[in-house]
Amino acid sequence: MTTIPPKPPDIINKNNVTNYTTKAPGNQETSFKNQPLKGTEEANISFEQTMPLPNIKYTEPSSSNAEALLSENGRITLSPEDKERMYMPWKYSIIIKLQGKRIIYQTLKRKVEELWKLNESFPLIDLGSDYYIAKLQKAESMNHVLQKGPWFVFGFFLSCQKWKPNFVAANAKQICTVVWIRLPNLPTEFYDKIILQRIGNSIGRLLKVDACTSSTLRGRYARLCVELPLNKPVDKFIVIDEYKQIIEYEGDKLLCKNCGSLGHTNGQCLMVINSRNKGEKHEDKLNQLQSTENVTKTTYEDDWHTVSFQKTRRSVKQSTRMNNSTEETRKTEAILKWQSTTKPSQT
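Computed from a predicted structure; not experimentally measured.

Asks: When you look at the sheet that holds strand β14 (residues 305-307) in this model, what are you seeing that I'm missing?
Replies: Strand order across the open sheet formed by five strands is β9-β10-β8-β13-β14, with mixed pairing between neighbours. One side of each edge strand has no neighbouring strand; the edge strands of this open sheet are β9 (205-209) and β14. Strand-to-strand twist across the sheet, computed as the mean angle between neighbouring axes with direction ignored, equals 40 degrees. Relative to strand β13 (residues 248-250), strand β8 (residues 176-184) runs antiparallel, the two being bridged by two bridges. Across the sheet, the residue bridging to I181 is Y249, located in β13. On the sheet, helix α6 (residues 193-203) packs against β8, β9 and β10 (221-229) and is oriented at approximately 135 degrees with respect to β9.

Take a look at the structure:
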């Protein structure tokens, strides 16, 4: 026969255990949850008395964690792991820009794919300011683009450079440009492939030799495409063995003849602007030099030379037809106006 143990008392030790039952008026026991709170505003209970704080010691964050924290001035420092993860998808990409011409995105994409003939498809991303980035996935594709050039689209040079972090197209500064140069009256013995390459690389960075020049079909001048810097004067001539060869640069508004630099005209030259700011009149100074009898005249070799493109026969014929049609239209309008004024009135 099992016995049922007696019910434990409500209070075992008055000193250690709190009695949660109170007696209400009428000698009825009520539980603590049913008893309304009274005098809470008078209770002086401190947090330390109810729940003691653990002994926590502050430790400085490690260097790896500190790099990922946001500093007080709002700057985020990237860790080496972050940079490696961010740069990985772009490490084989190429930044391109078509020099001297603007074409629509679809045409540029198609021409680039036809030129490079890569074994992979790639997106072409517009960065603004005529810059694009070809996102390549293979190292061999990147090396092919950088080493097998130069590349030309519709006769204009396509500059290619390896992708670099923090590239902003709006802030990119062009330090080089591509121009066609002519070597007038170049002796025929210099129309040699190796000699032409040495000439072009001595003037700048040779990119291309004109087809007529390479095949010696044009004897009046040799034509080379070179890359030249914008921040220093270009050469006026080149000495080949003992022969002095004049250099002509194609384009009307390409070369400044005051400082000999490419990329701006005479009116935009900083030398002229600075002299005007200092109170010096450039034109008066030139007039004084020209009127002086003792001034030595400069020779043809001492100046920079440019070549302007002449209108083709087709463009001349079109302009002539337009002028003739305009003149005929004016005559017809004059005749009609005269007839309307001299028409007799109807009675």
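Asks: What is the right way to read the packing of aromatic side chains from this model?
Replies: Both the distance between ring centres and the angle between the ring planes are used here to describe each pair of aromatic rings. The full count for this structure, using the stated rule, is six aromatic pairs. Taking 5.7 Å as the distance between ring centres and 35 degrees as the angle between the ring planes, the aromatic pair formed by W116 and F122 counts as tilted. On the accessibility criterion, F122 (7% relative accessible area) is buried. The cationic tip of K208 hangs over the ring face of F152; the distance from NZ or CZ to the ring centre is 4.7 Å. Lying across the ring of W304, K236 places its NZ or CZ 4.3 Å from the centre.

Asks: Where do I start with the nonpolar core in this structure?
Replies: Nonpolar side chains in soluble globular proteins tend to end up buried together. Ranked by internal contacts, the top residues of the largest apolar core, which has 23 residues, are V179, I181, L183, L186, I203, L228 and Y249. Secondary structure elements with two or more residues in this core: β8, α6, β10 and β11 (237-240). A total of four residues in this core trace back to one element, the largest contributor, which is β10. Not counting chain neighbours up to four residues away, the residues in contact with V179 comprise L224, C225, V226, L228, Y249, L254 and L262.

Asks: In this structure, what is going on with the pairing of strand β12 (residues 243-246)? I would like to understand it.
Replies: One face of the sheet, then the other: side chains in a regular strand alternate in exactly this way. The pairing of β11 with β12 spans four bridges and is antiparallel. Within the sheet, the bridge partner assigned to V239 lies in β12 and is K244. Following β11, the chain reverses through two residues before pairing antiparallel with β12; D241 in that reversal takes a positive phi of roughly 60 degrees.

Asks: Explanation requested: the pattern of salt bridges in the structure shown.
Replies: Side chains bearing opposite charge may pair, as long as their charged atoms lie close to each other. Scanning all chains against the criterion turns up nine salt bridges. For E114, the salt bridge goes to K111, with nearest N and O atoms at 3.8 Å. Of this pair, E114 and K111 both sit in helix α4 (residues 105-116), three residues apart, roughly one helical turn. Put simply, R182, D210, R223 and E250 are held in one network by salt bridges that share partners.

Asks: It is not clear to me how the sheet that holds strand β7 (residues 156-162) should be interpreted in this structure. Could you clarify?
Replies: Strand pairing in a sheet relies on backbone hydrogen bonds, with the paired strands running either antiparallel or parallel. Sheet architecture is open: five strands sit in the order β4-β5-β3-β7-β6, paired in antiparallel fashion. The open sheet terminates on both sides in strands that have one partner only, identified here as β4 (124-128) and β6 (151-153). On average, each strand axis in the sheet is inclined to that of its neighbour by 35 degrees, with strand direction left out of account. With three bridges connecting them, β6 and β7 associate as antiparallel partners. Within β7, the position partnered with F152 by the bridge is F157. Helix-sheet contacts for α4 involve β3 (94-98), β4, β5 (131-134), β6 and β7, and the interaxial angle to β6 is about 145 degrees. Lying over the sheet, helix α5 (residues 139-147) contacts β3, β6 and β7, oriented at roughly 135 degrees with respect to β7.

Asks: Hey, could you run me through the environment of Q99 in this one?
Replies: Among the structural elements, Q99 can be located in the loop between β3 and α4. Overall, the relative accessible area of 14% leaves Q99 in the buried class. Each C-alpha atom of the pair Q99 and T177 lies 7.6 Å from the other, and the pair is 78 residues apart in sequence. Leave out the neighbours within four places in its chain, and Q99 touches F156, F157, S159 and Q174.

What counts and what doesn't
- Numbers given to residues run from 1 along each chain, matching the order in which its sequence is written.
- In keeping with the model being predicted, local features are shown solely for residues with a pLDDT of at least 70 and side-chain atom pairs are shown and tallied solely at 80 or more, while totals for entire chains, interfaces and linings include all residues.
- Derived side-chain values reflect all non-hydrogen atoms in the structure, with water molecules and hydrogen atoms excluded from consideration.
- Between any two strands, pairing holds if DSSP finds at least two bridges.
- Under the scheme used here, helices are H or I runs from DSSP no shorter than 4 residues and strands are E runs no shorter than 2 residues, and both carry numbers assigned from the N terminus.
- Working convention: axes come from line fits to C-alpha atoms, limited for helices to the stretch in contact. Angles between N-to-C directions cover 0 to 180 degrees.
- In what follows, residue pairs with any heavy atoms lying within 4.5 Å of each other are defined as contacts.
- Think of it this way: a Phe, Tyr or Trp ring, Trp meaning its six-membered ring, pairs with another when their centres are within 6.5 Å, and the plane angle makes it stacked under 30 degrees, edge-to-face over 60, tilted otherwise.
- Here's how the labels work: a residue is buried when its accessible area is under 20% of the maximum for its type, exposed when over 50%, partly exposed in between, all with a 1.4 Å probe on protein chains only.
- A positively charged side chain is recorded as over a ring if its NZ (Lys) or CZ (Arg) lies within 6 Å of the ring centre. The angle to the ring normal must also be within 35 degrees.
- The term nonpolar core refers to a set of buried residues drawn from Ala, Val, Leu, Ile, Met, Phe, Trp, Tyr and Cys, joined through side-chain atoms within 4.5 Å.
- Put simply, a salt bridge is a Lys or Arg side-chain nitrogen that is within 4 Å of an Asp or Glu carboxyl oxygen.

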